[in-house]
Amino acid sequence: MENNGDLDLNCHATGDVRLDTAIYQWITWDKNPKTRAQIEALLLDGQVEELRRRLCSRMTFGTAGLRAAMGAGFALINDLTIIQSTQVNNSYVKGIDSLSYMTSSLARLTAAVMLCKDIPVFLFSTYVPTPFVPYAVKRLGAAAGVMVTASHNPKEDNGYKVYWHNGAQISSPNDKEILKCIEESSEPWSESWNESLADNSPLRSDPLREISKKYMEDLSSVCFHRELNTKSPLKFVHSSFHGVGHDYVQQAFRAFGFPPPIPVPEQKDPDPNFSTVSCPNPEEGESVLELSLRLAERENATIVMATDPDADRLAVAEQSDRCGWKVFTGNELAALLGWWMLFNWKETHSDPADRERMYMLATTVSSKILKAFARIEGFHFEETLPGFKWIGKKIHELAKTGNEVIFAFEESIGFLCGSMVPDKDGVSAAVVVAEMASYLYNKNLTLHQQLENIFEIYGYHISTTSYVICHDPPTVKRIFTRLRNFEGENTYPRSSGGHSIVDVRDVTTGYDSSQPDKLCVLPMTKSSQMITFTLQNGIVATLRTSGTEPKIKFYTEFCAPPGKSDISSLEEELKKVTDTLVEEFLEPDKNNLIRRSI
């Protein structure tokens, strides 16, 4: 095979056969002059370790697809790795009707790979929210869908999500099979680089008008009080966080009978530099919502909503006379939305037998509040592994047996109201929150007051979610190996914060001390780290690695029984246990971990 560049690879070999092969492949295959030049420059400069980091490993499908920084190399997001991933997807969907994509240069290359093999493609003509892709896959009867998005990650990153014909993100074993196929057949087809196919091929069509129209019509399935909405005196502020959510949230509010929310002008339009926020993640709370909150105060708006850049997640804050702004955590907002969906479902399902077919879902690191709902109300609740791909898979399985999921969530502000989209959806969640807030206002209640009412009935669920950053994978492995051999080989910690640990579940190894056979009910995930500790006082704590970022996340929750309402003592005990667990189990200072700064 001929070398596309001017570099004489024989004169600049590193001496590492695997690395030299990867360098040769990259410079031979990559037709993007910018990324090819990056590898050539590193080689000329003798940057062997950086070349090895970029070329001798590949991205893996995490909780939200492929996610990495933009740049040259098989471990990063670029034209070549997108083409390789899509060529493998081609073999999975070959001979099936169509696919859906979001538009961008990378999405156009993705479309070109399919079009050059005569597979019809639906390619959106402008940016759309991530939930529009799984919605379109189901609505159009597509074989699969791809979304090119970095979501709420830093501006240097990008991502590639794959959805199957059921509208759910791919999960095991399909994700592992795709990666295996990429390794076995990675050379790009010459015609895969023909981006102009996205404009010229008769097999390409634009579904934007149809999907936007149908999506807004289908929102009626989660609109319960449209007449009340039209009379609501509440004012709402919405930030798109420099992403794609503005137009679609405006349309959704109109579909529910509301006037459109007041946009944050500096953050209304797409801006890949995220110029007004230090972090494009509304989950970080008040510090990144400052522009929204100040605008709401000037406009006398009660509720602030922020969708993340690809509009699949939602943050909410409410103005309170007592304490300024209350920014709800993902778990708190899930308690409200879960209650709201249950409340309205019960209005039209009076037969107790209906509850046998009704489910709510949450990821296992999320609050157990829905479990408390289910215990008292008599419906079904199930947990999944972290990541909405597992929720989507479970929704599909339950639907096949005649069951209905009316609400699902993950604690990182990802919510699914109803069954329109088998993925988290910030657009529909935003307008559902607006309707709930308006209904409660009509009853002289705020969102915060209703949250207190929910906790009084179902028990207080106080939770903490945070993380430390670690850029060194061997350190991460060493931390979790230590936890699995804490007091000798194959022994876990027996206590934390002065409380005995009564159960340990290690999803990485498939161990669960609470089960008679000591095996996890959840699927084993060898490629990521996750250990859950249940303490004698009722606190549940989980440590896990992120699927998309260099983070070790920790989640703790105090699940109190109904009637126990001394919230300050619950919060104090939870903080004490959380702090001790982080210091004793993660040893941040010893392991040079970077503590969360926002």
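Parameters and conventions
- Residues numbered from 1 in each chain as written.
- Predicted model: local features only at pLDDT ≥ 70, side-chain atom pairs only at ≥ 80, totals over all residues.
- Heavy atoms only, no water.
- Phe/Tyr/Trp six-rings, centres within 6.5 Å; stacked < 30°, edge-to-face > 60°.
- Helix = DSSP H or I, 4+ residues; strand = E, 2+ residues; numbered from the N terminus.
- Buried < 20%, exposed > 50% of the residue type's maximum accessible area, 1.4 Å probe, protein only.
- Lys NZ or Arg CZ within 6 Å of the ring centre and 35° of its normal.
- Pairing = 2+ DSSP bridges.
- Right-handed = clockwise from strand over helix to strand, strands pointing away.
- Salt bridge = Lys/Arg side-chain N within 4 Å of Asp/Glu carboxyl O.

**Topic: the packing of aromatic side chains**
Argument step 1. Enumeration over the complete set of coordinates arrives at 19 aromatic pairs.
Argument step 2. On the basis of an interplanar angle of 5 degrees and a centroid distance of 5.5 Å, the ring pair of Tyr492 and Tyr511 is categorised as stacked. Here Tyr492 is found in the loop between helix H18 (473–484) and strand E17 (495–496), whereas its partner Tyr511 is found in strand E19 (residues 511–512), with 19 residues between them in sequence.
Argument step 3. Since its relative accessible area comes to 28%, Tyr511 is described here as partly exposed.
Argument step 4. Members of the aromatic cluster, joined through ring pairs, are Phe224, Trp339, Trp340, Phe343 and Tyr439.
Argument step 5. Note that Lys117 overlies the ring of Trp189, its terminal NZ or CZ placed 4.5 Å from the centroid.
Argument step 6. Lying across the ring of Tyr467, Lys551 places its NZ or CZ 3.9 Å from the centre.

**Digging into the pairing of strand E13 (residues 380–384)**
Argument step 1. Where strand E12 (residues 358–363) and E13 come together, five bridges link them in parallel fashion. Residue pairing in the sheet places Leu361 in a bridge with Glu382 of E13.
Argument step 2. In this fold, E12 hands off to helix H14 (residues 369–377), which returns the chain to E13; that crossover is right-handed.

**Remarks on the pattern of salt bridges**
Argument step 1. Under the definition given, this model contains 33 salt bridges.
Argument step 2. For the salt bridge of Glu587 with Arg482, the shortest nitrogen-to-oxygen distance reads 3.5 Å. Here Arg482 lies in helix H18 and Glu587 lies in the loop between helix H19 (567–586) and strand E23 (594–595), a separation of 105 residues in the sequence.
Argument step 3. One connected set of salt bridges, linked through shared partners, spans Lys161, Asp312, Glu410 and Lys424.

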